[in-house]
Amino acid sequence: MEPILLLAHVEADGTLGKPALEALAAALALGGEVSMGLVGATVEAAANQVAGCGAVRFLGVSGEPFGQARYATDAAAAEALCRASGAPLVIAAATSRWARVLPGVAYRLGGRVDTHVTSIAAADGTLAVSRWFYRQRMEAVLTRAERPWIVLLEAGCVAAWSGPADAAAVEAVPVGGVETRTTVTGIEAPKAGEQTIRPDAKLLFVAGAGWTKKQADGAVHAAEAEALIMGFLRAAKASLGGSKSLVDLSGEGEAVLHCMTHLNQIGQTGATPRHPKGLSTCCHGEEPHVVGWRFVTERRAVNLDANCGWARGKADVLYVADAFEVMRQVNRLL
Ligand SMILES: Cc1cc2nc3c(=O)[nH]c(=O)nc-3n(C[C@H](O)[C@H](O)[C@H](O)COP(=O)(O)OP(=O)(O)OC[C@H]3O[C@@H](n4cnc5c(N)ncnc54)[C@H](O)[C@@H]3O)c2cc1C
C-alpha cells in the first residue's frame, strides 16, 4: 500500500471532530504508512489526541488565519501539507470545509480527487473507493492511476478511531504569503430555534405534508402537529426529516411547521441520511422522497391511505391509521 496523508482540520475547541477520526480509522485500516496533516489555529491538542494512532509523522499548519474556514487559507494549508508529506494518497473527511477546498487543491497538485466516497479498501495493495451515483441509485468502485489522489470520505461510514491521548511531536509546515480577501466576522446559525437534525440519532422521524392538511373534522391542526412532532423528537432523541411538499409549504403561504426548514428535506433533491431506523408519518412515500431512505434499513410508516407508496414494498410495516392519534399515544407511552 502506498503512503497515505490523512488531512484533518481542527474544530473550534482545538480537537479533531468525529468525521476526522472516522477518516483516520479508514486510512489506518488500509495497512499503509499514515502521516497526519493538521490545520488549525493551534494543532498540538489535536495531534496529542491521536498520538497513539500509529501515524509516522505529524505535520501541522497553524496560526490564527488557519483557525477559520476560508478558501484561500485552507487551500494553501492543504497544498503545503500534501507537498511536504509527498504522499501519493490523501484521505480527508468530507466536511463542508474540506469538500469546498480539496478539489481545487487536487488541481493545484496536478492530481485527482474523488468526493462523496462511502468506503475505501485495499485490494492487492491497490486503493479502491466506492461511491454512489444518480442520487444513490448506482454504486461504483473506482481506482485511479493518477497521483496524488485525494479522497473525501463521507461521515458515518466507518467507526471513529479512538485511543488514549499522548504527546505528539508536530513538524510545523510553513505557508507563506496567502492573499485573503475574506474576513470571517462571525457565524450566523439557521433560524430554526431547536436543533432537529441529529446525524447520529438511531431513528429518523419524517413528517409529510399531511400534517398540515385538513383533517377528518375539516380543520387544519398545524399547532398540534408541531407539538406532537417536537414532543416525539425530544422524547425519542430522533432526527427530523421532511418531505419536499412539507418543507416547501412555508414559501407558499400555507399552514407551516416552524420546526421544519429546507435542511430537513429527505429525498432526491434533499438529504440521504444514515439512520438505522425510520418512521414516516403523513407522507405519501413517493419515489423521489423514498430514494433518500437508501441507507435506512428498518422502515415503518403511518398513513391513512392503505394504497400509499409505503405499502408498495417501501416500508417493512405500514400502519393504516391517523398519525395524530398514533403519535399522541406514542408520546404518552414515551
Ligand atoms: C424532480 C423531483 C424531485 C423531488 N425531490 C423530492 C425530495 O427530495 N423529497 C421529497 O420528499 N419529495 C421530492 N419530490 C416530490 C415528491 O414526488 C412528492 O411530491 C412529495 O414527496 C410528496 O410529499 P408528501 O408525501 O409529504 O405529501 P402528499 O403527497 O400531499 O401526501 C400527504 C400524505 O399524508 C397523508 N395523511 C394526511 N393526513 C394524515 C393523517 N392524519 N394521518 C396519516 N396520514 C395522513 C395522506 O394520506 C397523504 O398520503 C420531488 C419531485 C420531483 C418531480
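Quick look at the structure, then. Nothing here was measured: the structure is a model prediction, and the numbers come from that model.

## Here we look at the site of the ligand
Part 1 of the argument: Close to the ligand lie 30 residues, the nearest being G208, G210, S243, K244 and G267.
Part 2 of the argument: Residue assignment for the shell around the ligand shows that the elements contributing at least two residues are α6 (244-249), α7 (287-290), β13 (298-303) and α8 (323-333).
Part 3 of the argument: In terms of residue count, the dominant contributor to the shell around the ligand is α6 (three residues).

## Points about the pairing of strand β10 (residues 203-207)
Part 1 of the argument: The buried fraction of β10 amounts to four of the five residues, a majority that puts the element mostly inside the structure.
Part 2 of the argument: Pairing between β10 and strand β12 (residues 277-281): five bridges, direction parallel. Within β12, the residue paired with L204 across the bridge is G278.
Part 3 of the argument: Pairing of β10 with strand β11 (residues 239-242), which is carried by four bridges, proceeds in the parallel orientation. If you follow A207 over to β11, its bridge partner there is G242.
Part 4 of the argument: In this fold, β10 hands off to helix α5 (residues 222-236), which returns the chain to β11; that crossover is right-handed.

## Comments concerning the packing of helix α3 (residues 71-85) against helix α4 (residues 96-109)
Part 1 of the argument: At their nearest, the axes of α3 and α4 sit 9 Å apart, and the two run at 55° to each other. With respect to each other, α3 and α4 are oriented oblique. Here the hand of the crossing between α3 and α4 comes out right-handed. Facing α3, whose interface residues are Y71, D74, A75, A78, E79 and C82, α4 presents R97, R100, V101, L102, G104, V105, R108 and L109.

## What about the sheet that holds strand β14 (residues 317-320)?
Part 1 of the argument: In space, the five strands of this open sheet follow the order β11-β10-β12-β13-β14, with parallel pairing throughout. Here the strands that pair on one side only, and so sit at the sheet edges, are β11 and β14. Across the sheet, the mean angle separating the axes of adjacent strands is 20° when strand polarity is ignored.

## Focus on α5
Part 1 of the argument: For α5, spanning 15 residues, the distance from its first C-alpha to its last is 21 Å, which sits close to the expected 21 Å at 1.5 Å a residue.
Part 2 of the argument: Where α5 is concerned, the buried positions are A225, L228, I229, F232 and L233. What you see down the axis of α5 is that its buried residues fit within an arc of 130°, all on one side. For α5, exposure combined with an orientation more than 90 degrees from the buried face picks out A223 and A235.
Part 3 of the argument: Considering only its buried residues, α5 is in contact with β10, β11 and α8.
Part 4 of the argument: Within two residues after α5, K237 carries a phi angle of roughly 55°, on the positive side.

What counts and how
- Residues numbered from 1 in each chain as written.
- Predicted model: local features only at pLDDT ≥ 70, side-chain atom pairs only at ≥ 80, totals over all residues.
- Near = placed C-beta within 6 Å.
- Helix = DSSP H or I, 4+ residues; strand = E, 2+ residues; numbered from the N terminus.
- Buried ≥ 20, exposed ≤ 12 C-beta atoms within 10 Å, placed from the backbone.
- Pairing = 2+ DSSP bridges.
- Right-handed = clockwise from strand over helix to strand, strands pointing away.
- Axes fitted to C-alpha atoms, helices over the stretch in contact; angles between N-to-C directions.
- Parallel < 35°, antiparallel > 145°, perpendicular 65-115°, else oblique.
- Left-handed = near helix turned anticlockwise from the far one by under 90°.
- Contact = placed C-beta atoms within 7 Å.
- Expected span 1.5 Å × (residues − 1).
- Arc of directions from axis to C-beta.

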